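# Chain and residue survey
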Amino acid sequence: GRRELWREGGAGWRRVAELPGPPGNCLLADAQGVWVGTAEAHLVRVTGRGAQPVGSFEAVPGRGDWYTPWGGPPDVRSLAAAPDGVLYANVHVGGIPRSSDGGGTWVPTIEIDADVHQVLASPLPTGRVLAATARGLAASEDGGASWRFEAEGLHAVYCRAVAVVGGTVLLTVSRGPRGGEAALYRRPLDGGPFERCHEGLPGWFAGNLDTHRLHAAGGLAALGTPDGRVLISEDEGASWRELAAGLPPVRWVAVDA
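Calculation criteria
Residues numbered from 1 in each chain as written. Predicted model: local features only at pLDDT ≥ 70, side-chain atom pairs only at ≥ 80, totals over all residues. Heavy atoms only, no water. Pairing = 2+ DSSP bridges. Helix = DSSP H or I, 4+ residues; strand = E, 2+ residues; numbered from the N terminus. Buried < 20%, exposed > 50% of the residue type's maximum accessible area, 1.4 Å probe, protein only. Polar contact = N/O pair within 3.5 Å; in protein donor to acceptor, adjacent residues only side chain to side chain. Contact = heavy atoms within 4.5 Å. Core = buried A, V, L, I, M, F, W, Y, C linked by side-chain atoms within 4.5 Å. 1 Å grid on protein atoms, 1.4 Å probe; cavity = no way out; pocket = protein on both sides within 12 Å on 5 of 7 lines; lining within 4 Å. Points joined across faces, edges and corners; volume = space filled by probe spheres on them. Nonpolar A, V, L, I, M, F, W, Y, C, P; charged D, E, K, R; others polar.

### Considerations on the sheet that holds strand β7 (residues 75-81)
- Strand order in the open sheet formed by three strands is β7-β8-β9, with antiparallel pairing between adjacent strands. Looking at which strands have only one partner, the edges of the open sheet turn out to be β7 and β9 (98-99).
- With six bridges joining them, β7 and strand β8 (residues 87-92) adopt antiparallel strand pairing. For D75, the partnering residue across the bridge sits in β8 and is H92.

Here it is in structure tokens:
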């Protein structure tokens, strides 16, 4: 029910904590515990002492302007940590608040109406942050202080997921919230136009390739699809092959480096 956190420590699974408020949407683990982003745009810290709401996240400047297009409360959709320990929380729709003091304080970055669907800060160089947005790929070289939007080569600009494998950025793109002509693109991390990934992939995907369905680590990239397939690439997205099929709709993939 998205309300319990479990851990596998080599001797089987055990329940660690129950979330004290709205259901969880995403996780980010570190050496001290786990951050959980929840529905209604809250953040929970889970450590050996249990689960505690992060009060500082309630005080992000501009929080009152967060929204959703359909009128419901916003969510924390994805979380990321940079190599220098800076934390980024993607709020949908509310931009990307950033904390450079371990969650003690948060400041807004990027404009709210960029409509961010995923933020990525690792395995990137310190200061570089990427985000999949409704306006293309958002890129920052200064830890989110400034952003530029990149869409050269894309057939549309509505993006839901982003990953980095080797020296390549992977990005999922469609015509809009309901999908339509959903596809996967790649381009060098240091810039240049995007090119569509073709080899081993269908002409178009059925539905959006959503947040957390794309992940990469250790030279391997994986993509989960709404129709229950897992596809992998070992050449930075140039070609793909099917690893599994016949699964329920895939909602999250993770590559273990």
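### As for the side chain of T168
- Mapping T168 onto the fold places it in strand β15 (residues 168-174).
- In this structure T168 comes out as buried when scored by relative accessible area, which is 5%.
- Of note is the side chain of T168, whose polar atom sits 2.6 Å from the side chain of E236.
- Residue contacts for T168: discarding those within four places in its chain leaves A163, R186, R187, L189 and E236.

### Overview of unusual backbone geometry
- Note that the residue after H92, namely V93, is joined by a cis bond; omega there is 5 degrees.
- On the secondary structure map, V93 appears in the loop between β8 and β9.
- Each neighbour pair has its own omega, and for S122 with P123 the value is 10 degrees, a cis peptide bond.
- Here P123 shows up in the loop between β10 (116-120) and β11 (129-133).
- With a phi angle near 60 degrees, E236 is a residue other than glycine that sits in the positive phi range.
- Structurally, E236 can be placed in the loop between β20 (230-233) and β21 (241-244).

### What about the nonpolar core?
- Of all hydrophobic cores here, the largest spans 18 residues; its most connected members are L130, V162 and L171.
- Taken together, the elements giving at least two residues each to this core come down to β11, β12 (136-140), β14 (158-165), β15 and β16 (183-188).
- If near-sequence neighbours (up to four positions away) are discounted, V162 is found in contact with Q118, L120, L130, A131, A132, L137, V169, L170, L171 and L214.
- The next biggest cluster of nonpolar side chains, apart from the first, holds 16 residues, and it includes A161, A182, L214 and L223.

### Details of the layout of surface pockets
- A volume near 950 Å³ is recorded for the largest pocket.
- L27, L28, A29, D30 and W252 are, among the 39 residues lining the largest pocket, the residues nearest its centre.
- For the lining of the largest pocket, the secondary structure elements donating two or more residues are β1 (4-8), β2 (13-18), β3 (24-29), β5 (43-47), β7, β10, β14 and β18 (214-217).
- Classifying every residue of the lining of the largest pocket by side-chain character gives 25 nonpolar, ten polar and four charged.
- For the second largest pocket, the calculated volume is near 750 Å³.
- Lining of the second largest pocket is provided by 27 residues; of these, R2, G24, N25, R77 and H212 occupy positions nearest its centre.
- Contributing elements (two or more residues each) for the lining of the second largest pocket: β1, β3, β7 and β14.

### As for empty space enclosed by the protein
- Enumeration over the complete set of coordinates arrives at two cavities of 30 Å³ or more.
- In this model, the largest cavity occupies a volume close to 40 Å³.
- Lining the largest cavity, in full, are L28, W35, L43, L79, A80, L87, Y88, A89 and W106.
- Counting only elements with at least two residues in the lining of the largest cavity, the list comes to β7 and β8.
- In terms of residues, the lining of the largest cavity owes the most to one element, β8, which gives three residues.
- Within the lining of the largest cavity, the residues separate by chemical class into nine nonpolar, no polar and no charged.
- The volume enclosed by the second largest cavity comes to roughly 30 Å³.
- Residue lining of the second largest cavity: A182, A183, L184, R196, C197, L201, P202, G203, W204 and F205, and that is the complete set.

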